[in-house]
Amino acid sequence: MLVCYSIRALITATVAVTALAGEDNFKFMHSERIGALRIGMPRKDVLHVLAGTPVSGPIELWEADGNYYQLLDFQSLGVKIYLVSPSKSGAQIIASIRITSPCTLATKRGIHLGSSEQDVIKLYKSQQNKEDSELGTSFVAGSVYGGLIFQFSKGKVSQIFLGPASE
């Protein structure tokens, strides 16, 4: 199960994340993009960037960090975004982004669904977390505590996730 941190939780967990994932990996997550989408982007900006109307999930309190999360599912675009806020009615920002088919967005380095595993390795080798990556299955750039995770099917990118994927 993926657990996404809010900005408050990210700030609180910076010391632990830095020790576990390395400061450069944590910064990497915040510098990376999928299309124009980025971690920390306000909800209103998401709705301006993506066409269509998302299916909005309920706003739920996550006991793990005490923040409120809501899923925005742009089904026709293949984009799922978890938003986070410290209060149920507070301003929401992106906590994580997941893209699947038919999404056409690409990372900052040009990787998109259908890109080859070799291209991912070539372009993200310096950020690769070898311990959490599995050749032919997944490639973790940064860390599972905050990074970019590529899933592969038949040697091609089938899913891209940006954000914290583990506590």
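One can find the structure itself at the top, above this paragraph.
Keep in mind it's a predicted model, so treat the numbers as computed, not measured.

**Points about the nonpolar core**
Stage number 1. If you look at the biggest cluster of nonpolar residues, it comprises 29 residues, and the most contacted ones within it are Leu 37, Ile 81, Ile 94, Leu 148, Phe 150 and Ile 160.
Stage number 2. If you list the elements that add at least two residues to this core, you get helix H3 (23–31), strand S3 (67–74), strand S4 (79–85), strand S5 (93–99), helix H5 (117–124), strand S6 (138–143), strand S7 (146–153) and strand S8 (156–163).

**Considerations on the environment of Cys 103**
Stage number 1. Summarising the element assignment, Cys 103 is placed in the loop between S5 and H5.
Stage number 2. Residue classification places Cys 103 among the buried residues on the basis of a relative accessible area of 8%.
Stage number 3. Distance from Cys 103 to Phe 74, taken between C-alpha atoms, is 9.8 Å for residues 29 residues apart in sequence.
Stage number 4. In this structure Cys 103 touches Leu 77, Gly 78, Val 79 and Leu 113, once residues within four positions along its chain are discounted.

**Comments concerning the environment of Asn 129**
Stage number 1. Inspection of the secondary structure puts Asn 129 in the loop between H5 and S6.
Stage number 2. Non-local contacts of Asn 129, meaning those with residues more than four positions away in its chain, are made with Val 140, Gly 142 and Ser 143.
Stage number 3. At 3.0 Å, the side chain of Asn 129 forms a polar contact with the backbone nitrogen of Asp 132.

**Let's talk about the packing of aromatic side chains**
Stage number 1. In this structure the tally under the stated criterion is five aromatic pairs.
Stage number 2. When the ring of Tyr 124 is compared with that of Phe 150, the centres are 5.3 Å apart and the planes differ by 50 degrees; the resulting orientation is tilted. In this pair, Tyr 124 is assigned in helix H5 and Phe 150 in strand S7, connecting sequence segments 26 residues apart. In terms of burial, Tyr 124 and Phe 150 fall into one category: buried.
Stage number 3. Taken together, the ring pairs in this structure connect Phe 28, Tyr 124, Phe 139 and Phe 150 into an aromatic cluster.

**A word on the pattern of salt bridges**
Stage number 1. Counted according to the given criterion, the structure contains two salt bridges.
Stage number 2. Taking the shortest distance from any N to any O, the salt bridge between Asp 45 and Lys 44 comes out at 3.2 Å.

How each quantity is defined
Residues numbered from 1 in each chain as written. Predicted model: local features only at pLDDT ≥ 70, side-chain atom pairs only at ≥ 80, totals over all residues. Heavy atoms only, no water. Core = buried A, V, L, I, M, F, W, Y, C linked by side-chain atoms within 4.5 Å. Buried < 20%, exposed > 50% of the residue type's maximum accessible area, 1.4 Å probe, protein only. Helix = DSSP H or I, 4+ residues; strand = E, 2+ residues; numbered from the N terminus. Contact = heavy atoms within 4.5 Å. Polar contact = N/O pair within 3.5 Å; in protein donor to acceptor, adjacent residues only side chain to side chain. Phe/Tyr/Trp six-rings, centres within 6.5 Å; stacked < 30°, edge-to-face > 60°. Salt bridge = Lys/Arg side-chain N within 4 Å of Asp/Glu carboxyl O.

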